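# Coordinates in review
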Amino acid sequence: MNTLNTTVETSNATHASERRVTALLLVRRLNAFLAKMGQALNLSSAVYLK
């Protein structure tokens, strides 16, 4: 029974770290997307203000 518990615990830890990595990737993607949107807005407002 003990071996089963440790296996479950390690798999839970693996899932947790995988989730963390996925979250990090999502945040990075979101930041990159927001940066692109900001650049596009800056460009369009610069063109608009000319």
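The notes below deal with the structure included here. (Residues numbered from 1 in each chain as written. Predicted model: local features only at pLDDT ≥ 70, side-chain atom pairs only at ≥ 80, totals over all residues. Heavy atoms only, no water.)

The subject of this paragraph is the overall build of the protein. Within the protein, the regular secondary structure consists of one helix and zero strands. Relative to the globule expectation of 10 Å for 50 residues, the C-alpha radius of gyration of the protein, 22 Å, shows a markedly less compact shape. Each of the three principal axes of the protein carries a C-alpha extent, and together these read 75 × 5 × 5 Å. Put simply, the protein has 50 residues, and 0% of those count as buried. A total accessible area of about 4900 Å² is found for the protein, and carbon and sulfur atoms account for 67% of it. (Helix = DSSP H or I, 4+ residues; strand = E, 2+ residues; numbered from the N terminus. Rg over C-alpha atoms; globule rule 2.2 N^0.38 Å. Buried < 20%, exposed > 50% of the residue type's maximum accessible area, 1.4 Å probe, protein only. Areas by Shrake-Rupley, 256 points an atom, 1.4 Å probe, with all protein chains shown as cover.)

Bringing the environment of L43 into the picture now. Residue position: L43 is located in helix α1 (residues 2–49). With a relative accessible area of 59%, L43 lands in the exposed category. Note: C-alpha distance between L43 and L30 (13 residues apart in sequence) is 20 Å.

Another point: the environment of L34. Of note, L34 is situated in helix α1. For the pair L34 and L49, spaced 15 residues apart in sequence, the C-alpha separation works out to 22 Å.

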